Amino acid sequence: DTEVTQTPKHLVMGMTNKKSLKCEQHMGHRAMYWYKQKAKKPPELMFVYSYEKLSINESVPSRFSPECPNSSLLNLHLHALQPEDSALYLCASSPAGTSGTINEQFFGPGTRLTVL
Amino acid sequence: GQNIDQPTEMTATEGAIVQINCTYQTSGFNGLFWYQQHAGEAPTFLSYNVLDGLEEKGRFSSFLSRSKGYSYLLLKELQMKDSASYLCAVRVGGGFKTIFGAGTRLFVKA
């Protein structure tokens, strides 16, 4: 299984809602990532988990809360979002090897989020 | 600061060869990736360079010069399905932080 899956595919939420994005991989990867991508822009790194521990938080507002319950799952909890948070949210995973490994990222199809 | 530059758009003809350049100025360097992204889809990994030189993978090759902060992706025997955005990305530091360039939109015409 060389796939990263994300649910839901599309999400529309109001500014007072609480919702969660889910990501799953079964490739044995021990690094997992959340990116935000606006139209015609590159992916922007939000969070990285390495061995289920948060290793990078790119100064993301607290209305985004990541969670890594186990080595296969990654969640992004959303609360009190703003319309400017509307974007494609991509999850990725990679091996977490040290020297000599490529650690290329495998991306999921993304969740297209619209905040009203 | 971190900066990755790529041309915004390129157009090439089916069957031809195209070279997409990428220059970078980053604090720390731990490898350069090229990804392909079709409109509305997720990026997919194409190639990786960490040492100077050329890496060849079928119709795709990627080159790196660390002293010049420069890489290119070479696509040969272009096909219509190669129309996509090509993202240059640099891993910085010893961890997993990867910075993406804005991408080059390639249009392949018949």
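Residues numbered from 1 in each chain as written. Chains lettered and ligands numbered in written order. Predicted model: local features only at pLDDT ≥ 70, side-chain atom pairs only at ≥ 80, totals over all residues. Heavy atoms only, no water.

Asks: Give a description of the environment of A:Tyr35 that names residues and reports values.
Replies: Residue placement: A:Tyr35 occurs in strand β4 (residues 31-37). Taking the C-alpha atoms as reference points, A:Tyr35 and A:Leu45, separated by ten residues in sequence, lie 4.5 Å from one another. Other than its neighbours up to four places away in sequence, A:Tyr35 contacts A:Pro43, A:Glu44, A:Leu45, A:Met46, A:Leu88, A:Tyr89, A:Leu90, A:Ala92, A:Gln105, A:Phe107, B:Thr98 and B:Phe100. Here A:Gln105 takes part through its side chain, which lies 2.8 Å from a polar atom of the side chain of A:Tyr35. (Helix = DSSP H or I, 4+ residues; strand = E, 2+ residues; numbered from the N terminus. Contact = heavy atoms within 4.5 Å. Polar contact = N/O pair within 3.5 Å; in protein donor to acceptor, adjacent residues only side chain to side chain.)

Asks: Any details on the state of the cysteines? Residues and values, ideally.
Replies: Under the defined criterion, the tally for this structure stands at two disulfides over all chains. Disulfide pairing places A:Cys23 opposite A:Cys91 at an S-S distance of 1.8 Å. Note on the A:Cys23 and A:Cys91 pair: the S-S dihedral is about -70°, so by sign convention the disulfide is left-handed. A residue pair is termed long-range when its members are at least 10 positions apart, and A:Cys23 in strand β3 (residues 18-25) and A:Cys91 in strand β9 (residues 87-94) qualify at 68 residues. Comparing A:Cys23 with A:Cys91, the two get one shared label, buried. Across a sulfur-sulfur distance of 2.0 Å, B:Cys22 and B:Cys88 are joined as a disulfide pair. Here B:Cys22 and B:Cys88 share a disulfide; its torsion about the S-S bond, -65°, makes the bridge left-handed. With B:Cys22 in strand β3 (residues 18-25) and B:Cys88 in strand β9 (residues 84-91), this pair connects stretches of sequence that are 66 residues apart. Judged on exposure class, the residue B:Cys22 and its partner B:Cys88 are both buried. (Disulfide = S-S within 2.5 Å. Buried < 20%, exposed > 50% of the residue type's maximum accessible area, 1.4 Å probe, protein only.)

Asks: Which residues make up the environment of B:Asn30, and what values do they have?
Replies: Mapped onto the secondary structure, B:Asn30 falls in the loop between β3 and β4 (32-37). You can call B:Asn30 partly exposed: its relative accessible area is 28%.

Asks: An account of the sheet that holds strand β8 (residues 73-79) of chain A is needed here, citing residue identities and associated values.
Replies: In a beta sheet, neighbouring strands are held together by backbone hydrogen bonds and run either parallel or antiparallel to one another. All names here are of chain A. Pairing is antiparallel in the open sheet, where four strands are placed in the order β1-β3-β8-β7. Whereas interior strands pair on both sides, the edge strands pair on one side only; in this sheet they are β1 (4-7) and β7 (64-70). Going from strand to strand, the sheet's axes swing by 20° on average, the running direction of each strand aside. Two elements, β7 and β8, share five bridges in a ladder whose sense is antiparallel. When the bridges of β8 are listed, Glu 67 appears paired with Asn 75. (Pairing = 2+ DSSP bridges. Axes fitted to C-alpha atoms, helices over the stretch in contact; angles between N-to-C directions.)

Asks: Can you explain the interface of chain A and chain B? Please cite residues and give values.
Replies: One frequently used descriptor of interface size is the decrease in accessible area upon assembly of the parts. Residue-level contacts link 24 residues of chain A with 16 residues of chain B. Taken together, the two surfaces of chain A and chain B that pack against each other cover about 1,600 Å², and 62% of this comes from carbon and sulfur. Area buried by chain A at its contact with chain B is led by A:Pro42, A:Ile102 and A:Phe107, which between them contribute 27% of it. Counting the contacts that link chain A with chain B gives one salt bridge. The partner of A:Glu58 in a salt bridge is B:Lys97, and the shortest N-O contact between them spans 3.0 Å. Along the contact surface separating chain A from chain B lie five residue pairs in polar contact (both at pLDDT 80 or more). Counting residues per element, the side of chain A that touches chain B draws most heavily on β4(A), at four residues. Across the side of chain A that touches chain B, the residue classes break down as 14 nonpolar, seven polar and three charged. (Buried area = accessible area lost by both parts, 1.4 Å probe. Salt bridge = Lys/Arg side-chain N within 4 Å of Asp/Glu carboxyl O. Nonpolar A, V, L, I, M, F, W, Y, C, P; charged D, E, K, R; others polar.)

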